[in-house]
Amino acid sequence: MGTRYRGTEKQYRIKWKGFDNRSNSWLDASDINSPELVSEFHRNQTGRSQQDIVQSLIALLVTTGAAETALAVDLDRATVLPNLDVPRAVEGLMRRQNLEGSEDAFGKGLVTELEHMLDKRLQLVVDPTEAQRILVTESVVSLRMQLEAKKDGRKKARLLLQGFKEPEEWDLRSNVSPVAYPSTIKTLIYKAGPAADVISSIDVSVAFLQADLYGPEEKPRYVSYKPYPGGQVYIFKLLGPIYGQRSAPRAWYETLTKWLVVDMGYVQGLNEPCLFVHKNGHTLVIHVDDILCRGTQKMSEEFYRKLSVRFECKDPEYLTPGSYLTFTGMDIGLDYEGSELIYSISQERELLDFLKGKGLDKEPKRSCPMPRREVILNEGVVDPNTVSWVKSCIGGLHYFSRMTRWDIAHTVSRVGQATNDPRTGTVDQLKQLAGFLNNTANYKIIGKRVQGLDVVTTMTDSNHHGDPKFTSKSQSGVIVLLNGVPVHWRSNRQPRSTLSPTESEIYALSTGVKDTRLYHWVLEE
């Protein structure tokens, strides 16, 4: 039923036939005299067939000669891995993933990915006896290859660990990895500061593969890769986190944070763990593998030079008048309005792609995001495919309403409250909202470059009892402005019904005060 380690001894969780779960117990692997049960358990954990496990067990217990023959290297067919038939692997992947294009191009991508992984993260187990022992006695997690056709025409491959198969003992602590608040990103752009400050960004290449390697004190982890049915199963020792692994984002975050704080002297925010400020004033916001910087050109260039020595990075981008740079799906622009510099944030490209992907790009343009009341309350039943489509649309719209589109926050919150049981009224709401977004896709958050003191303004509002036919709970609205620019907002249904409009307004005000206090603390950092 499960595995764990006590010291160096592997144990299995055993359910005893004829007894309930209260009698379940842990046994050392050496005390279990049932290879069939062990093989069945590992088949369920790793996805390998029972036949594979049994054959491995026989090879280990009976003979090593047959195993050596089976795993012998055919140098005539060897590429990056012994006996790997690259065209066969690519053909099968393209067929299963419904991809079109050149098999040769995808083949180069596959070989490049394997070479990259072997260089950074995987150590091939070449001893047949050791490979068979690992298959039987260790928790081996399978890898899968994912092909991808990039928009620029490149054909890439990514070897992924199937994280849902990871054994519990691989990671016994939280895998939570923080990302920057959307308000922190906007604050870095619109806060007051010296005229010499420059906004810039950089992307760390294959960041998860640059996280620190596992230490010698950690228990060895093993993975397997079978490129196609009937092909050889390759066994690797995992040297460090890879894509698909539960702990990979956390490991990368800890690696980057340690380097910034210990080696570079940045101070990490207490209220915003993705904010880092140097004593010279250079400020960073990190979002997984993307870094947004503000400081003088000289400071940023020096930082990027040192960063590129420590990690593989793409070329940095600097925001200059008439240009824009993209960070977490937002296009950050800088233009002159007369003699004044104006910053802007837009998601027009992302938004139009989203609407097109959901089949909503042809909705007629509308001037209001909310339809009439009778449309919202339409209780017609929708089919399961439409239910799935509605949930997907609402998830994407929440992203835009949090990042740049404060003007749809209330509508998205209202339509999102029907996610569990969407009706025809929900579909009509989404179409109305799509028409509004088609009409306002070029909306930008705009603010001037400010020097001197920052000015923070918070406004709150609330209705009372919402719509009685829909809910008796009120809706709170909060918006925080920095130097006149919206940087934080929310629209949420209150958790309980209130007795009066005054109570609803006080609750909304309380929410606004809490949000503003946290925002002030981050701004001070």
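Residues numbered from 1 in each chain as written. Predicted model: local features only at pLDDT ≥ 70, side-chain atom pairs only at ≥ 80, totals over all residues. Heavy atoms only, no water.

Trainee: Can you explain the sheet that holds strand β20 (residues 475-482)? Please cite residues and give values.
Mentor: What the three strands build is an open sheet, ordered β19-β20-β21; its pairing is antiparallel. Each edge of the open sheet carries a strand with a single partner, namely β19 (456-462) and β21 (485-493). With direction set aside, neighbouring strand axes in the sheet form an average angle of 10 degrees. Here β19 runs beside β20; their pairing, made up of seven bridges, is antiparallel. Each residue of the ladder has a partner; that of S462, found in β20, is S476. Across the sheet, helix α7 (residues 182-190) is in contact with β20 and β21; its angle to β21 comes to roughly 160 degrees. (Pairing = 2+ DSSP bridges. Helix = DSSP H or I, 4+ residues; strand = E, 2+ residues; numbered from the N terminus. Axes fitted to C-alpha atoms, helices over the stretch in contact; angles between N-to-C directions. Contact = heavy atoms within 4.5 Å.)

Trainee: Please give an account of the packing of helix α10 (residues 348-357) against helix α12 (residues 384-403) that cites residues and values.
Mentor: The packing of two helices is summarised by the inter-axis angle and the distance between the axes. Where α10 contacts α12, the axes come no closer than 11 Å and their chain directions differ by 170 degrees. The orientation of α10 with respect to α12, classified from their angle, is roughly antiparallel. Contacts between α10 and α12 involve E350, L351 and F354 from the former and C393, G396, L397 and F400 from the latter. The class makeup of the residues in the contact of α10 with α12 is five nonpolar, one polar and one charged. (Parallel < 35°, antiparallel > 145°, perpendicular 65-115°, else oblique. Nonpolar A, V, L, I, M, F, W, Y, C, P; charged D, E, K, R; others polar.)

Trainee: An account of a nonpolar patch on the surface is needed here, citing residue identities and associated values.
Mentor: Side chains of Y181, L518 and W521 sit close together on the surface and give an oily, nonpolar patch of about 250 Å² of accessible area. Mapped onto the fold, L518 is located in helix α15 (residues 501-524). (Patch = residues over 30% accessible without salt bridge, like charges linked within 9 Å, V, L, I, M, F, W, Y side chains within 5 Å. Areas by Shrake-Rupley, 256 points an atom, 1.4 Å probe, with all protein chains shown as cover. Salt bridge = Lys/Arg side-chain N within 4 Å of Asp/Glu carboxyl O.)

Trainee: If you had to explain the nonpolar core to someone new, which residues and values would you point to?
Mentor: Ranked by internal contacts, the top residues of the largest apolar core, which has 87 residues, are L110, Y225, I291 and F303. Here this core takes seven residues from helix α8 (residues 248-263), the largest share from any one element. Residue contacts for L110: discarding those within four places in its chain leaves L84, V86, A89, V90, L93, M145, A157 and Y225. One finds V382, I394, I408 and V427 within the second-largest nonpolar core, a separate group that totals 20 residues. (Core = buried A, V, L, I, M, F, W, Y, C linked by side-chain atoms within 4.5 Å. Buried < 20%, exposed > 50% of the residue type's maximum accessible area, 1.4 Å probe, protein only.)

Trainee: Account for empty space enclosed by the protein, with residues named and values stated.
Mentor: Counted according to the given criterion, the structure contains three cavities of 30 Å³ or more. Taken as a whole, the second largest cavity holds about 40 Å³ of empty space. Around the second largest cavity sit R414, Q417, N463, G466, D467, T471, K473 and Q475, which together line it. In the lining of the second largest cavity, the residues fall into no nonpolar, five polar and three charged. (1 Å grid on protein atoms, 1.4 Å probe; cavity = no way out; pocket = protein on both sides within 12 Å on 5 of 7 lines; lining within 4 Å. Points joined across faces, edges and corners; volume = space filled by probe spheres on them.)

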